[in-house]
Amino acid sequence: MRIEFLKLYTPNVRAQFRFYGEVLGLPVEKISEENFRVRTGFSTLEFEEDKNATPYHLAFHITALQEEKALHWLKQRVEILPDDGKEIIDFPAWQARSVYFYDKDSNILEFISRRHMFESASEEFSSASIKGISEIGLASSNVEEQFNFLNSEFGLTKFTGDYEHFCATGDDEGLIIIINKEQKDWIPVGDKAYPSSFEIKISLQNAIFGASFKHERLSLL
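Here is a short report on the structure shown in this document.

Reading the values: the criteria
- Numbers given to residues run from 1 along each chain, matching the order in which its sequence is written.
- Confidence filtering applies because this is a predicted model: local features only for residues at pLDDT of at least 70, side-chain atom pairs given and counted only at 80 or more, and all residues used for totals across whole chains, interfaces and linings.
- With hydrogens and water set aside, each side-chain value is computed from the structure's full complement of heavy atoms.
- Counting from the N terminus, the helices are DSSP H or I runs at least four residues long and the strands are E runs at least two residues long.
- Here the globule rule reads 2.2 Å times residues to the power 0.38, and the radius of gyration is calculated from C-alpha atoms.
- Each residue is assigned to one of three classes by its accessible area relative to the maximum for its type, calculated with a 1.4 Å probe on protein chains only: buried under 20%, partly exposed between the two thresholds, exposed over 50%.
- Throughout, a residue-residue contact means that at least one pair of heavy atoms, one from each residue, lies within 4.5 Å.
- Computed by Shrake-Rupley with a 1.4 Å probe, the accessible areas treat only the displayed protein chains as cover when residues are assessed.
- When charges are tallied, Lys and Arg are placed among the positive residues and Asp and Glu among the negative ones, while His and the ends of the chain are skipped.
- The atoms used to mark charge sites are NZ of Lys, CZ of Arg, CG of Asp and CD of Glu.
- Expected helix span is taken as 1.5 Å per residue step, with the number of steps being one fewer than the number of residues.
- Each direction from the helix axis to a C-beta atom contributes to the arc, which is the arc of those directions.
- Identification of polar contacts relies on pairs of N or O atoms within 3.5 Å, with a donor-acceptor requirement for protein atoms, meaning one able to donate a hydrogen and the other able to accept it, and with residues adjacent in sequence counted only if both atoms are side-chain atoms.
- Nonpolar cores were defined as sets of buried Ala, Val, Leu, Ile, Met, Phe, Trp, Tyr and Cys residues, with membership established by side-chain atoms within 4.5 Å.

Here we take up the overall build of the protein chain. When you go through the protein chain residue by residue, the secondary structure sums to three helices and 16 strands. The C-alpha atoms of the protein chain give 16 Å as radius of gyration, which agrees with the globular expectation for 221 residues (17 Å, within 12%). When each of the 221 residues of the protein chain is scored for burial, the buried share is 49%. A separation of at least 24 residues holds for 60% of the contacts in the protein chain among residues at least 6 apart in sequence. Carbon together with sulfur atoms contributes 45% to the accessible area of the protein chain, which is approximately 10300 Å² in total. Across the protein chain, 24 positive and 36 negative side-chain charges occur, with their mean positions spaced 3 Å apart.

Set out below in structure tokens:
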């Protein structure tokens, strides 16, 4: 599952425009005074102004085995969010290691390096090492209901987890991370999980599918 397009909402559109363009060095395109787009590898990320928007969890693929270089690059630009003192967090079952940090909305951003994907030689880390959107978090009071929609409409299957507390659905290339907002918070620092609205378009088996998440309900685009 590839996340081709993701639309999020921001109460600080100008600050976010500067963050993604100047701090992360990604190509940004101003669409209007209220929204802009970011090109990040194979994905397009769009932000639209909404003064009532709440934070997200969002992950980006980076080049394989570059988490140490990514950490050094990020520490020159942002504050790292550690987990129990660790700046690089290991996920052995996923063959992945991650670094976490905030953008200007206190969205929890993650750079995830999967050992078996986006392989490269030993070039230095740069914004070009950001290969696309890997994950979007979906917080709900009913994990199974959200999973069932994605399974029935798009054929997405469980990657890991359960149907009560946490369920990652999709595959190594792209995941929707569904958590029970009444029982879990976002790692690594325990930020509250909000049912933040988003729109998403994914490619799967040569077809494009779209969905909107709003008021804790998924619907087709």
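With that settled, the discussion passes to the side chain of arginine 114. Relative to the helices and strands, arginine 114 is located in strand S9 (residues 108-114). Setting aside residues up to four positions removed in sequence, arginine 114 forms contacts with His61, Ala64, Trp94, Gln95, Ala96, Glu135, Phe159, Asp172 and Leu175.

Another point: the environment of serine 120. Topologically, serine 120 is positioned in the loop between S9 and strand S10 (130-140). Judged by its relative accessible area of 34%, serine 120 falls in the partly exposed class. Once the C-alpha coordinates of serine 120 and alanine 64 are considered, the two residues, 56 residues apart in sequence, prove to be 6.5 Å apart.

A word on helix H3 (residues 143-154). For H3, with 12 residues, the first-to-last C-alpha span of 16 Å sits near the 16 Å given by 1.5 Å per residue. For H3, the complete set of buried residues consists of Val143, Gln146, Phe147, Phe149, Leu150 and Phe154. On an axial view of H3, the arc spanned by its buried residues comes to 155°, and they lie on one face. Here H3 starts with a cap whose side-chain oxygen sits 3.3 Å from the backbone nitrogen of glutamate 144, and that cap is asparagine 142. Where H3 ends, the next residue or the one after it, glycine 155, has phi of about 75°, a positive value.

Another point: the nonpolar core. Formed by 51 residues in total, the largest nonpolar core has its most connected members in Leu6, Tyr20, Leu45 and Phe111. The element that contributes the greatest number of residues to this core is H3, accounting for five residues. Excluding residues that lie within four positions of it along the chain, leucine 45 makes contacts with Leu6, Leu8, Tyr20, Phe36, Arg37, Val38, Leu58, Phe60 and Ile133. Counting residues in each nonpolar core, the second largest holds 14 residues, with Ala96, Ala139, Leu175 and Ile179 among its members.

Looking at where histidine 215 falls in the secondary structure, it is placed in the loop between strand S15 (207-214) and strand S16 (217-220). With relative accessibility at 68%, the residue histidine 215 sits in the exposed group. Placed 129 residues apart in sequence, histidine 215 and lysine 86 show a C-alpha to C-alpha distance of 35 Å.

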